[in-house]
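# Coordinates in review
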Amino acid sequence: MGILGVGVVLLMGAPPVLSLLPVALSMLAYSISGLVSEAEGTLSAELKSEIRMFLFLGVIGTLSSAGLLQGSVLIARQVDGIVGAGYYSSALTLATPISLIAGSISLALFPSLSHLHGSGDESALKKLTDITFRDMNALIPLAFAPLVICSSSLQHFVWGEAYASRDHAALLPMLLLACMANTLGVACTTTLTSRGPSGVRRSTIFGLAATTLCALAWLTLTPLIELEGVALGYLMAATLLWLLPVVSVWREGGHSWLGQVASILAAGGGMFGVATLARQHGLPIQIGLTIAFWAIWWAVARPPIFRYLGMSRENST
């Protein structure tokens, strides 16, 4: 409905701002439809209170984490004016679409994890969390590496020479790495939220901690490095928001994730370093460096990749 409405608005030649109206109306209709329940019976006051608390904490957690990305555009506008906000928004527009992976994975995982928690099968819950965490750590960097390493060519191709400024070339790699951190944290964040209000409460606290770190980083970094300080502050917050749930689930489940966490931190730092080197060269060199990174990561993360490929073959037969 929302997509169809946007298409109609664009075909009518209406002002671009009106293209948001069909999306807003479709979301409003979806929300209202959720208020109409055909289920029989009534819920106890205790259960209603638990549901309300779950929703309240979920909303606060979402605003304190996902809201940072949109809020960073406003900070960029205050830090470097309209021109600076244009550079920042151009990088943000390229970085955010791939972050939809996180939402899709969360939607796929949540029912299974909630079912295992509700049935009391903690062993299966631990195993599913561990496999998902390891597989995502192996596969997600492979998807982000070409975008980060070839970021300068990507920005030049999409936006042209004017927006591929060397002065702000670090914006897109930092925002892409932040989106990678958000995606990698899905397994542990979803595990926490599947545990009911107690898990959601922890996720909310982690989100507020990340927001606090981001605000402090913006206050201290933007006077020094301006737009790059905005992106770096968000990257620091995204990294913390990845690390805190990982450590929480790691300790609670007794997982052996030290090597996993270390390899991801090394991969993120390596991608940024290679991207810094690659922006001095053209696309062929950048592709070569991407292939080299893939080869190194293949050696590091071979078992989970083989397991995933084996599962894909089984599902296709």
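## Notes on the overall build of the protein chain
Counting secondary structure elements, the protein chain contains 13 helices and zero strands. The linear arrangement of helices and strands in the protein chain, starting from the amino end, is α-α-α-α-α-α-α-α-α-α-α-α-α. Looking at the protein chain residue by residue over its 317 residues, the buried ones come to 39%. Carbon and sulfur atoms form 70% of the exposed surface of the protein chain, whose accessible area is close to 17100 Å².

## Quick notes on the environment of leucine 208
Considering the arrangement of structural elements, one finds leucine 208 in helix H9 (residues 197–225). Assessed through its relative accessible area of 42%, leucine 208 is described here as partly exposed. Through-space distance from the C-alpha of leucine 208 to that of threonine 62 is 9.8 Å; in sequence the pair is 146 residues apart.

## Topic: a nonpolar patch on the surface
Together, Leu18, Leu21, Leu25, Leu28 and Ile32 give the surface a local cluster of nonpolar side chains, amounting to about 450 Å² of exposed area. Within the element layout of this structure, leucine 18 appears in the loop between helix H1 (2–11) and helix H2 (20–35). Leucine 18 sits in the partly exposed class, given a relative accessible area of 39%.

## Describing the environment of leucine 244
Looking at the element boundaries, leucine 244 is found in helix H10 (residues 227–253). Each C-alpha atom, one on leucine 244 and one on alanine 209, is 9.3 Å from the other, the two residues being 35 residues apart in sequence. If we ignore the near neighbours within four places in the chain, the residues touching leucine 244 are Phe206 and Ala209.

## Overview of the pattern of salt bridges
Here the structure, examined in full by the defined rule, presents two salt bridges. Arginine 202 serves as the salt-bridge partner of glutamate 252, at 3.3 Å between the closest nitrogen and oxygen. Of this pair, glutamate 252 sits in helix H10 while arginine 202 sits in helix H9; the two residues are 50 residues apart in sequence, bridging distant segments of the chain. Judged by relative accessible area, which is 44%, glutamate 252 ranks as partly exposed.

## With respect to the packing of helix H6 (residues 151–159) against helix H7 (residues 171–184)
Pairs of packed helices are described in terms of their axes, by the angle between the two and the distance that separates them. Contact pair H6 / H7: the axes reach a minimum separation of 9 Å and the direction vectors enclose 110°. If you check the angle between H6 and H7, you find them roughly perpendicular. Between H6, through Ser151, Leu154 and Gln155, and H7, the contact on the second element is made entirely by Leu172, Pro173 and Leu176. Of the residues that constitute the contact of H6 with H7, the class distribution is four nonpolar, two polar and no charged.

## Notes on the nonpolar core
Counting residues in each nonpolar core, the largest one holds 61 residues, and the members touching the most others are Tyr88 and Leu175. Mapped onto this core, the elements with two or more residues apiece are helix H3 (45–95), helix H5 (122–149), H7, helix H8 (186–193), H9, H10, helix H11 (258–278) and helix H12 (283–300). Discounting residues that sit within four places of it in the chain, tyrosine 88 has contacts with Ser72, Val73, Ala76, Leu171, Leu175, Leu227, Val230 and Ala231.

## Describing the side chain of glutamine 260
Position of glutamine 260 relative to the elements: it lies in helix H11. Take glutamine 260: its relative accessible area is 15%, and that puts it in the buried class. Contacts of glutamine 260, omitting those with residues within four sequence positions, involve Phe133, Arg134 and Asn137.

## Digging into the packing of H9 against H10
The N-to-C vectors of H9 and H10 enclose an angle of 155°; their axes lie 8 Å apart at closest approach. Judged by the inter-axis angle, H9 sits roughly antiparallel to H10. The interaxial crossing formed by H9 with H10 has right-handed handedness.

## Re H9
Across its 29 residues, H9 extends 40 Å between first and last C-alpha, which sits within 8% of the 42 Å expected from 1.5 Å per residue. The principal kink in H9, of about 30°, is found at leucine 219, preceding the proline proline 223 by one to four residues. A positive backbone phi angle near 50° is found at glutamate 226, which sits one or two residues after H9.

## A look at the packing of aromatic side chains
Per the stated rule, a full pass over the model turns up two aromatic pairs. Note on phenylalanine 133 and tryptophan 257: the rings are 4.0 Å apart at their centroids and 25° apart in plane angle, and the pair reads as stacked. One end of the pair, phenylalanine 133, is in helix H5; the other, tryptophan 257, is in the loop between H10 and H11, and 124 residues separate them in sequence. Classification of tryptophan 257 as buried rests on a relative accessible area of 0%.

What counts and what doesn't
- Residues numbered from 1 in each chain as written.
- Predicted model: local features only at pLDDT ≥ 70, side-chain atom pairs only at ≥ 80, totals over all residues.
- Heavy atoms only, no water.
- Helix = DSSP H or I, 4+ residues; strand = E, 2+ residues; numbered from the N terminus.
- Buried < 20%, exposed > 50% of the residue type's maximum accessible area, 1.4 Å probe, protein only.
- Areas by Shrake-Rupley, 256 points an atom, 1.4 Å probe, with all protein chains shown as cover.
- Patch = residues over 30% accessible without salt bridge, like charges linked within 9 Å, V, L, I, M, F, W, Y side chains within 5 Å.
- Salt bridge = Lys/Arg side-chain N within 4 Å of Asp/Glu carboxyl O.
- Contact = heavy atoms within 4.5 Å.
- Axes fitted to C-alpha atoms, helices over the stretch in contact; angles between N-to-C directions.
- Parallel < 35°, antiparallel > 145°, perpendicular 65-115°, else oblique.
- Nonpolar A, V, L, I, M, F, W, Y, C, P; charged D, E, K, R; others polar.
- Core = buried A, V, L, I, M, F, W, Y, C linked by side-chain atoms within 4.5 Å.
- Left-handed = near helix turned anticlockwise from the far one by under 90°.
- Expected span 1.5 Å × (residues − 1).
- Bend = angle between axes of the 7 residues up to and from the residue.
- Phe/Tyr/Trp six-rings, centres within 6.5 Å; stacked < 30°, edge-to-face > 60°.

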